[in-house]
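Below, each chain spelled out in residue letters.
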Amino acid sequence: MQTGPRLYDRARRLIPGGTQLLSKRPEMFLPGQWPAYYAWAKGAKVADLDGRVYTDMSISGVGACLLGYSDPDVSEAVRHAVEAGSMCTLNCPEEVELAELLCELHPWAEMVRYARCGGEAMSVAVRIARAATGRDVVAFCGYHGWSDWYLAANLASAETLNPHLLAGLDPNGVPRGLEGTAIPFRYNRADELRAIADSHHGRLAAVVMEPVRDKQPDPGFLDEVRSIADQTGAVLIADEVSMGWRLVTGGAHLNYGLLPGIAVFAKAISNGHPMAAIIGTRRIMEAAQASFISSTYWTDRVGPAAALATIRKLRRENVAANLALTGDRIKAGWREAADRAGLDITIGGLAPLPRFTLNCAEPQAARTLFTQLMLDRGYLATNTVYVTWAHRDAEVTGYLQAVENAFADLARAVARGSVPAELRGPVAHSGFQRLTG
Ligand SMILES: Cc1ncc(COP(=O)(O)O)c(C=O)c1O
């Protein structure tokens, strides 16, 4: 057995769930074979603990590194912040510079607070919205992290969150008193949001959603959301944790002319260094002062220094436009390879986050076999690609060549009905699944 899978066996005995993030569990990709740990990551290359180097065409650090791993300009800014002292009794000037830059990119925003992680920043945003309105109820669409305010949605029924990106999230440990405070609506279903607003008249603190994720908004949907928020006095919170910076330099909401009261950034804002920002209008953000929202490491220097270097480079290199081209090329390559192999696939997702589904008898086993076939060819790959700026022509050409071969093998296995037999380990998990042992 390779070093990574062996280390992961040790981790599972010491760390509940094995990893700190569900999406990084090896079981999600290729149980028993996924390298699990990295020695170094640079650009689109990743080395495992046995020195094998892969090209990462999978989830790219779960979307945290739009510029690619260990970007030299961001690393330089981080090195400088570390050498100048990353923590101090006084505050770092970069946090003011970053606030000015974020408000310049988002002219509707007037004030900024910081955190370090996406879920944590979303909790800050919801707290501010509740403080600003004096109300409790949050209507939301999609996934927004691990916090109590969000998992409260599953107190009424453990199924409530199932249509919202991650199925099967357990609300154990969330106070039962929060039941009824977080109510979901589906994307492009303004009627569901309207019904929540009507049945919680005068109690809606916030409407929380990603402006876009997997598919384009229907005409009028975002306008309708905005007007429901206006009519009810709820704060519209745009969650830009995953889509921010990917479609445009700034929040995806800029592309749709959607004016939120608060927008939240994390992940790609700082290209792999912990940082999150909550930006909003003065009237709403000042409510942060009417609550207690404060934490020591929200003052570190590395986060804002990395964010400044990242945003400047994203802007200078017009990275968002580049990601769209690369994503479209990957989608076209999948289509050609699948047609040539006679494999039935459906392609979806926005250009910078393309994905495919396999239309066959055992799709999860087939997806696992695709990962195995690609790993054998030197690629970390699954059925989605978080496109980064480090996915250059050479990487994409090599990847599509490997996909062509892997799809041909996969199509043969599907036709023979031998997909499970060709797997050297168990089938990957599809969503949240508790690990035992
Ligand atoms: C839309 C959205 N919001 C919030 C989060 C949570 O961010 P984090 O994992 O940094 O806590 C995620 C993570 O995937 C996300 O996609």
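Residues numbered from 1 in each chain as written. Predicted model: local features only at pLDDT ≥ 70, side-chain atom pairs only at ≥ 80, totals over all residues.

Bringing the site of the ligand into the picture now. Surrounding the ligand, one finds 14 residues, the nearest of these being G118, G119, G145, V241 and S242. The element contributing the most residues to the shell around the ligand is helix α5 (residues 118–133), with three residues. When grouped by side-chain class, the residues that make up the shell around the ligand number five nonpolar, six polar and three charged. (Near = placed C-beta within 6 Å. Helix = DSSP H or I, 4+ residues; strand = E, 2+ residues; numbered from the N terminus. Nonpolar A, V, L, I, M, F, W, Y, C, P; charged D, E, K, R; others polar.)

Annotation of the chain at the domain level lists domain 1 (3–70 + 318–422) and domain 2 (72–316). Among the elements of the structure, α2 (60–63) and α12 (319–341) are those that each provide at least two residues to the side of domain 1 that touches domain 2. A total of three residues in the side of domain 1 that touches domain 2 trace back to one element, the largest contributor, which is α12. (Domains from an automatic or database assignment.)

Right, let's get into unusual backbone geometry. Phi at V62 is positive, roughly 50°, even though this residue is not glycine. Mapped onto the secondary structure, V62 falls in helix α2. Its 15 C-beta neighbours within 10 Å are what place V62 among the partly exposed residues. If you check the backbone angles, K267 has positive phi at about 40° while not being a glycine. On the secondary structure map, K267 appears in the loop between β9 (262–265) and β10 (276–280). Judged by the 26 C-beta atoms lying within 10 Å of it, K267 is buried. (Buried ≥ 20, exposed ≤ 12 C-beta atoms within 10 Å, placed from the backbone.)

Here we take up the environment of G118. With respect to the helices, strands and loops of the structure, G118 is situated in helix α5. Assessed through the 26 C-beta atoms surrounding it within 10 Å, G118 is described here as buried. Placed 159 residues apart in sequence, G118 and A277 show a C-alpha to C-alpha distance of 8.7 Å.

Turning to the sheet that holds strand β4 (residues 111–115), a few remarks are in order. As summarised here, the arrangement of the seven strands in space is β4-β10-β9-β8-β7-β5-β6, forming an open sheet in which the pairing is mixed. Sheet topology places β4 and β6 (182–184) at the edges, where each strand pairs with a single neighbour. Ignoring which end each strand starts from, the neighbouring axes of this sheet average 20° apart. When β9 meets β10, the two strands line up antiparallel, connected through four bridges. Bridge assignment links I262 to a residue of β10, and that residue is G280. (Pairing = 2+ DSSP bridges. Axes fitted to C-alpha atoms, helices over the stretch in contact; angles between N-to-C directions.)

Okay, the packing of helix α3 (residues 72–83) against helix α11 (residues 302–316) next. For any two helices packed against each other, one specifies the inter-axial angle together with the distance between the axes. With their axes 8 Å apart at the nearest point, α3 and α11 run at an angle of 155° to one another. By the angle class used here, α3 and α11 are roughly antiparallel. Note that α3 runs across α11; the crossing there is right-handed. Each of D73, V74, A77, V78, H80, A81 and V82 in α3 lies in contact with α11, whose residues at this interface are V302, A305, A306, L308, A309, T310 and K313. Broken down by class, the residue content of the contact of α3 with α11 amounts to ten nonpolar, two polar and two charged. (Parallel < 35°, antiparallel > 145°, perpendicular 65-115°, else oblique. Left-handed = near helix turned anticlockwise from the far one by under 90°. Contact = placed C-beta atoms within 7 Å.)

This paragraph deals with α11. Along an α-helix, a turn takes 3.6 residues, which lines up residues three or four apart on a common side. Relative to the 21 Å expected for 15 residues at 1.5 Å per residue, α11 spans 21 Å between its end C-alpha atoms, a close match to the ideal helical length. By the criterion of burial, α11 is predominantly enclosed, with twelve of the 15 residues buried. Buried within α11 we find V302, G303, P304, A305, A306, A307, L308, A309, T310, I311, K313 and L314. Once α11 ends, the next one or two residues include N318, with phi positive near 50°. (Expected span 1.5 Å × (residues − 1).)

Packing of helix α4 (residues 94–105) against α11 leaves a shortest axis separation of 9 Å and a crossing angle of 35°. Considering the relative orientation of α4 and α11, their crossing is left-handed. Residue-level contacts link E94, E95, E97, L98 and L101 of α4 to P304, A305, A307, L308 and I311 of α11.

A word on the sheet that holds strand β2 (residues 45–48). Picture the strands of a sheet paired through backbone hydrogen bonds; they go either parallel or antiparallel. Sheet architecture is open: four strands sit in the order β1-β2-β3-β13, paired in mixed fashion. Each edge of the open sheet is held by one strand with a lone partner, namely β1 (38–42) and β13 (379–380). Note that strand β3 (residues 53–56) and β13 share two bridges and pair parallel. Bridging from a neighbouring strand, T55 pairs with Y379 of β13.

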